[in-house]
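Examination of the molecular architecture
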Amino acid sequence: MRFVFPLNRSLLSSSSSSTNGTTSISSIAPFISFHFSPFLSISLFPSLSLLMAPPPPPAPSQQHPHEETTNLSHKSKVTIVGSGNWGSVAAKLVASNTFNLDSFHDEVRMWVFEETLPSGEKLTDVINRTNENVKYLPGVKLGKNVIADPDLDNAVKDANMLVFVTPHQFMDAICKRLVGNIQGDVEAISLIKGMEVKREGPSMISSLISEKLGINCSVLMGANIANEIAVENFSEATIGYRENKEIAEKWVQLFSTPYFIVTPVQDVEGVELCGTLKNVVALAAGFVDGLEMGNNTKAAIMRIGLREMRAFSKLLFSSVKDSTFFESCGVADLITTCLGGRNRKVADAFAKSGGKRSFDELEAEMLQGQKLQGVLTAKDVYEVLSHRGWLELFPLFATVHEICIGHLPPSAIVEYSDRKCKETLVEGSAEF
Ligand SMILES: NC(=O)c1ccc[n+]([C@@H]2O[C@H](COP(=O)([O-])OP(=O)(O)OC[C@H]3O[C@@H](n4cnc5c(N)ncnc54)[C@H](O)[C@@H]3O)[C@@H](O)[C@H]2O)c1
């Protein structure tokens, strides 16, 4: 099928921010340009809606068997689905609030993908005995009201607030297992960074949860390196909600602490895409670090990356708001991930090896069971770009994937000059 749509010059036009136009990096500036002024309103691509993945329909309201678990104004019961590094910190944050607030049951169940530790003990048993996730968050007490549970069905059975926080590649299987087991009026929130790419197009993890389980799903993203929040250093996060502000406020109540400030915005896709796409930019930042190119280059890569994040998000979902990119989930998460995240760290090692060592090998060696998201996301993004004919509009995203799969050397991260600008896309209408 072919679609014809007009492209708006203010989003995809010649660059205004690159003044000298002489470096190889600035040569990509003409491809996608936008202004970060909150005062400028940029009209978006109305006819692009034909190409966009529609936001998931509102969750069908389900018949609830028990009065107590159906209304968020009654005591809510929370389960965390996931128990990695961030999952454990999320459990700690949530448990401190459920313990203190009357509107929540004290106990927080945390589903654990069971594993046997080198000592021969089950991880779940050790968490319940020591109140610590010794593998993914050693040295941090989770709160006595956190109960680790290796049985997924049991962990979710009485909960009416579900927090999903696993690496995104496992979510399809988790949702399949949960279908039919979620009872009553349940609300979900996803802390997961990543997307699924299907033949019909990309699907955000919150949409996967909504569609598979028939429940509304908000998202929480932000500049949140888990280990720093675990030791209660001040940070911020953004909740993206769809329509119901009351639900957003309930999530804010559940996650907020004096050291973790949570702001709700009505932009699920914008918040989630920020959290997802910044991992691709973090790989680029890691390549720059590995090649010892310095701070100016890294800042340039981050700026170009942010510009591509915004353009890509808006091409996929016209509802995405510019202001979302100024929230914690946007520029702040991009900065922290490019300075300190695991994707940056492994990409740095990959570049130092001259691209000779595989990401799988480096992940296994450097992350002790934690998962890299950026490499998979770069592949997913690349599939969307090539399927839709957008590769030349997103040279940074495309190059990151090509480096990851060994088609380009790490140094290609700053060599955009041979990537030709697709004039039709930049100047006027484009055909797909
Ligand atoms: N760690 C952070 O600093 C951080 C911060 C913000 C967001 N996130 C996001 O949170 C999500 C979860 O990351 P994390 O840091 O909690 O996890 P992690 O990478 O630390 O740990 C991996 C988790 O996956 C589990 N697992 C392994 N195989 C599995 C399988 N087959 N099925 C289900 N689970 C399996 C492991 O038991 C472990 O709990 C990711 O989307 C990540 O991008 C992480």
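Our subject is the structure that appears above.
Residues numbered from 1 in each chain as written. Predicted model: local features only at pLDDT ≥ 70, side-chain atom pairs only at ≥ 80, totals over all residues.

**Some words on the packing of helix 8 (residues 268–290) against helix 10 (residues 328–340)**
Look at helix 8 against helix 10: their axes get within 9 Å of each other, and the N-to-C directions meet at 30°. Classified by the angle between their axes, helix 8 and helix 10 sit roughly parallel to one another. Crossing hand, helix 8 versus helix 10: right-handed. The residues of helix 10 that touch helix 8, namely those facing Val-271, Cys-274, Gly-275, Lys-278, Asn-279, Val-281, Ala-282 and Ala-285, are Cys-329, Gly-330, Asp-333, Leu-334, Thr-337 and Cys-338. (Axes fitted to C-alpha atoms, helices over the stretch in contact; angles between N-to-C directions. Helix = DSSP H or I, 4+ residues; strand = E, 2+ residues; numbered from the N terminus. Parallel < 35°, antiparallel > 145°, perpendicular 65-115°, else oblique. Left-handed = near helix turned anticlockwise from the far one by under 90°. Contact = placed C-beta atoms within 7 Å.)

**Quick look at unusual backbone geometry**
One non-glycine residue with positive phi stands out, namely Glu-232, at about 65°. Looking at Glu-232, the number of C-beta atoms within 10 Å reads 15, which means it is partly exposed. Residue Gln-368 is not a glycine yet carries a positive backbone phi of 45°. Mapping Gln-368 onto the fold places it in the loop between helix 12 (359–367) and helix 13 (374–388). (Buried ≥ 20, exposed ≤ 12 C-beta atoms within 10 Å, placed from the backbone.)

**Considerations on helix 10**
Across its 13 residues, helix 10 extends only 15 Å between first and last C-alpha, which sits more than 12% below the 18 Å expected from 1.5 Å per residue. At Leu-334, helix 10 shows its largest kink, close to 25°. Those residues of helix 10 lying buried are Ser-328, Cys-329, Gly-330, Ala-332, Asp-333, Leu-334, Thr-336, Thr-337 and Cys-338. Buried-residue contacts for helix 10 involve strand 11 (216–221), strand 12 (235–240), helix 8, helix 9 (295–316) and helix 11 (342–352). (Expected span 1.5 Å × (residues − 1). Bend = angle between axes of the 7 residues up to and from the residue.)

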